[in-house]
Amino acid sequence: MIGDKKVLFSGMQATGSLTLGNYLGALKNWVSLSDEYECFYSVVDLHSITVRQDAAELRRRARNLLTLYIAAGLDPEKNCLYYQSHVSGHAELAWILNCFTYMGELNRMTQFKDKAAKHADNINAGLYTYPVLMAADILLYQADVVPVGKDQLQHLEITRDIAQRFNGIYGDVFTIPQAYVGKVGAKIMSLQDPFRKMSKSDENPNASIYLTDDPDTVIRKFKRAVTDSEANIAYREEQPGIRNLIDIYCACTGKTPEETVKEFEGKGYGDFKMAVGESVVDVLRPLQERFSQLQQDKAYIDGVIKNNAEKANYYATKTLRKVQKKVGFPERVR
Ligand code: TRP
């Protein structure tokens, strides 16, 4: 707890360009949570170097992501928006937690197995202990809730296991975090393969709508979106492509799937795709405008980065000192 509010932690990597899926599935919900919780939203750059990155590109993307947090409506006076690398406590706590995590546990992580297969030429130790760093992120702020996608639930589970193990030995040091699985309808799938999640690392640019896509590009991608040959706009499992388009339309307009099906009764896929594309353009337009305004205000963004890193450091250090004392490191001489 901070004051009378529960603490919420989440983070995103600045690798790849953010997609509509990231926005509708995560960022948009983050904004709606910021009144109820004391929120820490990190740009997790330490995590990003588990796969090879171009330094200049990573720096540029990290700044864009932080800017996008604000453009999406996160108020940096209320939410702590910061770079993970500006708070050294993440790495320090991760080291300690590494010593309380079993290789057997890490061997079970499905994301590690996937990533190791994908980056067979660089299966580094950081990729392997990635979940421990994620545990450190969360536990450092004594987070109560963590909004994550399904793909991160296993990492949250190991975080809870590590925290419980540590508390079992040293007493109540860490708050045990809970997953906050957002409202339904927010899981956006690829436009080219409705069985796969829309991903910022997809090689096919037509599979994803990027938050920076201009209106023509958005419409073109929706026109090409994979559907089916049923020629019937229905919300059902057998028509995953159309179902995904309905989900996107609903997330952008606030309508329900039932309303949408009724609205497009008797209409063709072409008309529907057009309408979905336009609803997305309407959501992206103000976001893109705010983003480019913010991007030009260097002093303002710099101020946010500085102030929020200080705030994050304050809370992180509090937890870190407690942990260091528990495990037996000597107290600092003042
Ligand atoms: N691993 C998460 C992802 O790739 C990002 C992340 C890092 C995170 N640390 C976190 C998410 C802590 C929630 C809490 O999506």
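These figures come from a predicted structure and were not determined experimentally.

Here's the deal with the overall build of the protein
Move 1: The helix and strand inventory of the protein stands at 13 helices and five strands.
Move 2: Taken against the 2.2 N^0.38 rule, which gives 20 Å for 334 residues, the C-alpha radius of gyration of the protein at 21 Å falls within 12% of a compact globule.
Move 3: Each principal axis of the C-alpha distribution contributes one length, and for the protein these read about 75 × 45 × 40 Å.
Move 4: Expressed as a percentage of its 334 residues, the buried residues of the protein come to 50%.
Move 5: Total accessible area on the protein stands at roughly 16,400 Å², and carbon and sulfur atoms take up 51% of it.

Examining the site of the ligand
Move 1: What surrounds the ligand is a group of 13 residues, the closest being Phe 9, Tyr 130, Met 134, Asp 137 and Gln 152.
Move 2: Note that a nitrogen atom of the ligand is positioned 2.6 Å from one of the side-chain N or O atoms of Asp 137.
Move 3: For the ligand, the accessible surface in isolation is 370 Å², of which the surrounding protein chains cover 88%.
Move 4: When residues of the shell around the ligand are traced back to their parent elements, those giving at least two are strand E1 (7–12) and helix H7 (125–140).
Move 5: A per-element tally of the shell around the ligand places H7 first, with four residues.

Observations concerning unusual backbone geometry
Move 1: Unusually for a residue other than glycine, Gln 142 sits at a positive phi of about 50°.
Move 2: Looking at the element boundaries, Gln 142 is found in the loop between H7 and strand E4 (145–147).
Move 3: Using a relative accessible area of 15% as the deciding quantity, one classes Gln 142 as buried.
Move 4: One non-glycine residue, Ala 231, lies in the positive phi region at around 55°.
Move 5: Here Ala 231 lies in the loop between helix H9 (215–223) and helix H10 (240–253).
Move 6: Taking relative accessible area as the criterion, Ala 231 reaches 64% and is therefore assigned exposed.

With respect to the nonpolar core
Move 1: By size, the foremost hydrophobic cluster in this structure holds 59 residues, and its most contacted members are Leu 27, Tyr 41, Tyr 69, Ile 209, Phe 222, Ile 248 and Val 280.
Move 2: Tallying contributions element by element places helix H12 (residues 269–296) first for this core, with eleven residues.
Move 3: Looking at this core, you find at least three residues from each of domain 1 (6–181 + 298–327) and domain 2 (215–293).
Move 4: Beyond its immediate sequence surroundings of up to four residues, Tyr 69 is in contact with Gly 11, Met 12, Leu 27, Trp 30, Tyr 41, Ser 42, Val 43, Leu 74 and Leu 81.
Move 5: In this structure, Val 51, Phe 112, Ala 116 and Leu 139 belong to the second largest nonpolar core, which totals 43 residues.

A word on H7
Along an α-helix, residues three or four apart share an orientation, since each turn contains 3.6 residues.
Move 1: Between the first and last C-alpha of H7 there are 22 Å, a value that for 16 residues agrees with the 22 Å anticipated at 1.5 Å per step.
Move 2: The principal kink in H7, of about 45°, is found at Pro 131.
Move 3: Where burial is concerned, most of H7 is hidden: 13 out of the 16 residues are buried.
Move 4: Gln 142 sits one or two residues past H7 and shows a positive phi near 50°.

Quick word on the domain arrangement of the protein
Move 1: Domains assigned within the protein are domain 1 (6–181 + 298–327) and domain 2 (215–293).
Move 2: Computed from C-alpha coordinates alone, the two centres of domain 1 and domain 2 are separated by 32 Å.
Move 3: Each partner contributes residues to the interface: domain 1 has nine residues there, and domain 2 has nine residues.
Move 4: Carbon and sulfur atoms supply 80% of the area buried between domain 1 and domain 2, which totals about 780 Å² over both sides.

What about the packing of aromatic side chains?
Move 1: What the rule picks out here adds up to 15 aromatic pairs.
Move 2: With a centroid separation of 5.0 Å and 65° between ring planes, the pair formed by Phe 100 and Phe 166 is classed as edge-to-face. Taken together, the residues span a long stretch of sequence, with Phe 100 in the loop between helix H4 (89–98) and helix H5 (103–107) and Phe 166 in helix H8 (residues 153–170) at a distance of 66 residues. Grouping residues by exposure puts Phe 100 and Phe 166 together as buried.
Move 3: Ring centres of Tyr 249 and Phe 272 lie 6.1 Å apart, and the angle between their planes is 65°; on these two criteria the pair is classed as edge-to-face. Of this pair, Tyr 249 sits in helix H10 while Phe 272 is found in helix H12, placing the two residues 23 residues apart along the sequence.
Move 4: Site record: aromatic cluster; members linked through ring pairs are Phe 9, Phe 40, Tyr 82, Tyr 141, Tyr 314 and Tyr 315.
Move 5: Seen from the ring of Tyr 235, Arg 243 lies directly overhead, with NZ or CZ sitting 4.5 Å from the centre.

A short note on the pattern of salt bridges
Here the idea is simple: oppositely charged side chains can pair when their charged atoms come close.
Move 1: For the coordinates displayed, the defined rule picks out 17 salt bridges.
Move 2: Residue Arg 63 is joined to Asp 302 by a salt bridge in which the shortest nitrogen-to-oxygen separation is 2.9 Å. With Arg 63 in helix H3 (residues 55–71) and Asp 302 in helix H13 (residues 298–327), the pair connects residues that are 239 residues apart, well separated along the chain.
Move 3: Classification of Arg 63 as partly exposed rests on a relative accessible area of 26%.
Move 4: A residue is classified by how much of its surface remains accessible, and Asp 302, at 30% relative accessible area, is partly exposed.
Move 5: Ionic pairing is found between Glu 157 and Arg 160, a salt bridge with its closest N-O pair at 3.9 Å. Of this pair, Glu 157 and Arg 160 both sit in helix H8, three residues apart, which is roughly one turn of the helix.
Move 6: For Glu 157, a relative accessible area of 42% corresponds to the partly exposed category.
Move 7: Its relative accessible area of 22% is what places Arg 160 among the partly exposed residues.
Move 8: Residues joined by salt bridges that share partners form a network here, namely Glu 57, Arg 60 and Arg 61.

The rules behind each value
- Residues numbered from 1 in each chain as written.
- Predicted model: local features only at pLDDT ≥ 70, side-chain atom pairs only at ≥ 80, totals over all residues.
- Heavy atoms only, no water.
- Helix = DSSP H or I, 4+ residues; strand = E, 2+ residues; numbered from the N terminus.
- Rg over C-alpha atoms; globule rule 2.2 N^0.38 Å.
- Buried < 20%, exposed > 50% of the residue type's maximum accessible area, 1.4 Å probe, protein only.
- Areas by Shrake-Rupley, 256 points an atom, 1.4 Å probe, with all protein chains shown as cover.
- Near = heavy atom within 4 Å.
- Polar contact = N/O pair within 3.5 Å; in protein donor to acceptor, adjacent residues only side chain to side chain.
- Core = buried A, V, L, I, M, F, W, Y, C linked by side-chain atoms within 4.5 Å.
- Domains from an automatic or database assignment.
- Contact = heavy atoms within 4.5 Å.
- Expected span 1.5 Å × (residues − 1).
- Bend = angle between axes of the 7 residues up to and from the residue.
- Buried area = accessible area lost by both parts, 1.4 Å probe.
- Phe/Tyr/Trp six-rings, centres within 6.5 Å; stacked < 30°, edge-to-face > 60°.
- Lys NZ or Arg CZ within 6 Å of the ring centre and 35° of its normal.
- Salt bridge = Lys/Arg side-chain N within 4 Å of Asp/Glu carboxyl O.

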